[in-house]
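Spelled out from the first residue to the last, the chains are:
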Amino acid sequence: MKTIESPAELRELIRNGKWTTPTSGAASGYLQANLVMLPAAEAFNFLLFCVRNPKPCPILDVLEPGQVEPTIAPGADLRTDLPRYKVFEHGEFKTEVEEVTEYFNENMVSFLLGCSFSFENAMLAAGLPIRNMEEGKNVSMYTTDQRCAPAGPFSAPLVVTMRPMTPQQAIRAVQVTTRFHLTHGAPVHLGDSDKIGLSDLSKPDFG
């Protein structure tokens with residue numbers, strides 16, 4: 001993987017179509033975010049959903065309707081600066097695209113949510129393994145049997161990422177990630193995955 005020194009450099013590569021894969025391990029040491037864009041009419045209910053579920057949906061920034069440059073990333077354009085976008089209509093997945101300029105309008109509100117890629121550098125500095133980076137893959141994600149607190153039309157099961165470690169490494173990972181509360185923070189579960197409804201970790205739901 002090419003070493004990316006700054007977020008601006010990474011965003012430029014993405015904007016020019018030269019980076020279309022997940023950004024795990026890129027721009028090490030900088031904050032990364034997930035993006036949700038939706039009509040202003042649904043923005044309050046989604047904001048309420050995030051407030052009620054701060055662990056999976058930690059809010060980093062919320063933009064005014066029609067704005068595309070976040071205060072936490074000057075010079076960025078949220079319509080073009082992510083490697084991939086999933087487009088949903090009426091709650092159903094429609095397509096995946098490399099930019100959303102044609103879908104965006106002055107009525108759209110953008111939410112930036114904390115991403116676990118943000119604490120990878122701290123984990124590496126602590127001598128902890130990150131398997132997906134070692135294998136050059138996206139992190140494994142699973143849908144648990146835990147439910148998020150609903151808000152208006154928004155409801156969902158809790159989705160988690162998984163990083164395999166020894167018990168000793170996992171304890172150290174808790175110590176390292178606890179301070180990263182804006183990017184999910186400490187693990188929600190350690191040990192037996194059956195206790196959160198995951199019977200086969202060899203079959204991720206995403207990633």
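In what follows, the accompanying structure is described. Because the structure is a prediction, the values reported are computed rather than measured.

**Re the pattern of salt bridges**
Side chains bearing opposite charge may pair, as long as their charged atoms lie close to each other.
For step 1, the next point in the chain: Summed over all chains, the structure comprises 9 salt bridges.
For step 2, the next point in the chain: Between E134 and R131 there is a salt bridge, with the nearest N and O atoms lying 3.9 Å from each other. Of the two residues, E134 and R131 are both situated in helix α4 (residues 131–135); the distance of 3 residues between them amounts to about one turn of the helix.
For step 3, the next point in the chain: The exposure class assigned to E134 is exposed, which follows from its relative accessible area of 55%.
For step 4, the next point in the chain: The class of R131 is partly exposed, set by a relative accessible area of 39%.
For step 5, the next point in the chain: A salt bridge links E135 to K137; its shortest N-O distance comes to 3.6 Å.

**Overview of a nonpolar patch on the surface**
For step 1, the next point in the chain: Together, F44, L47, V51 and V62 give the surface a local cluster of nonpolar side chains, amounting to about 360 Å² of exposed area.
For step 2, the next point in the chain: Looking at which element gives the most residues to the nonpolar patch, the answer is helix α2 (residues 40–52), with 3 residues.
For step 3, the next point in the chain: Along the chain, the position of V62 falls in strand β2 (residues 59–62).
For step 4, the next point in the chain: According to the relative accessible area criterion, V62 is partly exposed, its value standing at 38%.

**Here we look at the sheet that holds strand β1 (residues 33–39)**
For step 1, the next point in the chain: The strand order across the open sheet formed by 3 strands is β1-β5-β2, and the pairing between neighbours is antiparallel. Lying at the two open borders of the sheet, with one neighbouring strand each, are β1 and β2. Strand-to-strand twist of the sheet, defined as the mean angle between neighbouring strand axes without regard to direction, takes the value 20 degrees.

**Quick word on the side chain of D61**
For step 1, the next point in the chain: Following the sequence through the fold, D61 ends up in strand β2.
For step 2, the next point in the chain: Buried within the structure, D61 lacks any salt-bridge partner; its nearest side chain of opposite charge belongs to R11, at an N-O separation of 11 Å.
For step 3, the next point in the chain: Of the polar contacts made by the side chain of D61, one reaches the side chain of T71; its length is 3.0 Å.
For step 4, the next point in the chain: Beyond its immediate sequence surroundings of up to four residues, D61 is in contact with P70, T71, I72, S110, F111 and L112.

**Observations regarding the packing of aromatic side chains**
For step 1, the next point in the chain: Across all of its chains, the model carries 6 aromatic pairs by this definition.
For step 2, the next point in the chain: Taking 5.4 Å as the distance between ring centres and 70 degrees as the angle between the ring planes, the aromatic pair formed by F46 and F154 counts as edge-to-face. Of this pair, F46 sits in helix α2 while F154 sits in the loop between β6 (140–147) and β7 (157–162); the two residues are 108 residues apart in sequence, bridging distant segments of the chain.
For step 3, the next point in the chain: Centroid distance F49 to F154: 6.5 Å. Interplanar angle 50 degrees. Geometry classified as tilted. Of this pair, F49 sits in helix α2 while F154 sits in the loop between β6 and β7, and the two are 105 residues apart along the sequence.
For step 4, the next point in the chain: According to the relative accessible area criterion, F49 is buried, its value standing at 6%.
For step 5, the next point in the chain: Among the aromatic residues, those joined into a ring-pair cluster are F46, F49, F111 and F154.

**A look at the environment of A126**
For step 1, the next point in the chain: As for its position among the elements, A126 is in the loop between α3 (120–125) and α4.
For step 2, the next point in the chain: Judged by relative accessible area, A126 falls into the partly exposed class, the value being 26%.
For step 3, the next point in the chain: In this structure, the C-alpha to C-alpha distance between A126 and A8, residues 118 residues apart in sequence, is 26 Å.
For step 4, the next point in the chain: Ignoring any residue separated from it by four or fewer positions in sequence, one finds A126 in contact with R172 and V176.

**Thoughts on helix α1 (residues 7–15)**
For step 1, the next point in the chain: Within α1, burial applies to L10, R11, L13 and I14. Each buried residue of α1 lies within a common arc of 160 degrees when the element is viewed along its axis, so the set occupies one face.
For step 2, the next point in the chain: Backbone geometry just downstream of α1 places G17 in the positive-phi region, at approximately 75 degrees.

The rules we used
- Residues numbered from 1 in each chain as written.
- Predicted model: local features only at pLDDT ≥ 70, side-chain atom pairs only at ≥ 80, totals over all residues.
- Heavy atoms only, no water.
- Salt bridge = Lys/Arg side-chain N within 4 Å of Asp/Glu carboxyl O.
- Helix = DSSP H or I, 4+ residues; strand = E, 2+ residues; numbered from the N terminus.
- Buried < 20%, exposed > 50% of the residue type's maximum accessible area, 1.4 Å probe, protein only.
- Patch = residues over 30% accessible without salt bridge, like charges linked within 9 Å, V, L, I, M, F, W, Y side chains within 5 Å.
- Areas by Shrake-Rupley, 256 points an atom, 1.4 Å probe, with all protein chains shown as cover.
- Pairing = 2+ DSSP bridges.
- Axes fitted to C-alpha atoms, helices over the stretch in contact; angles between N-to-C directions.
- Lys, Arg positive; Asp, Glu negative; His and termini not counted.
- Polar contact = N/O pair within 3.5 Å; in protein donor to acceptor, adjacent residues only side chain to side chain.
- Contact = heavy atoms within 4.5 Å.
- Phe/Tyr/Trp six-rings, centres within 6.5 Å; stacked < 30°, edge-to-face > 60°.
- Arc of directions from axis to C-beta.

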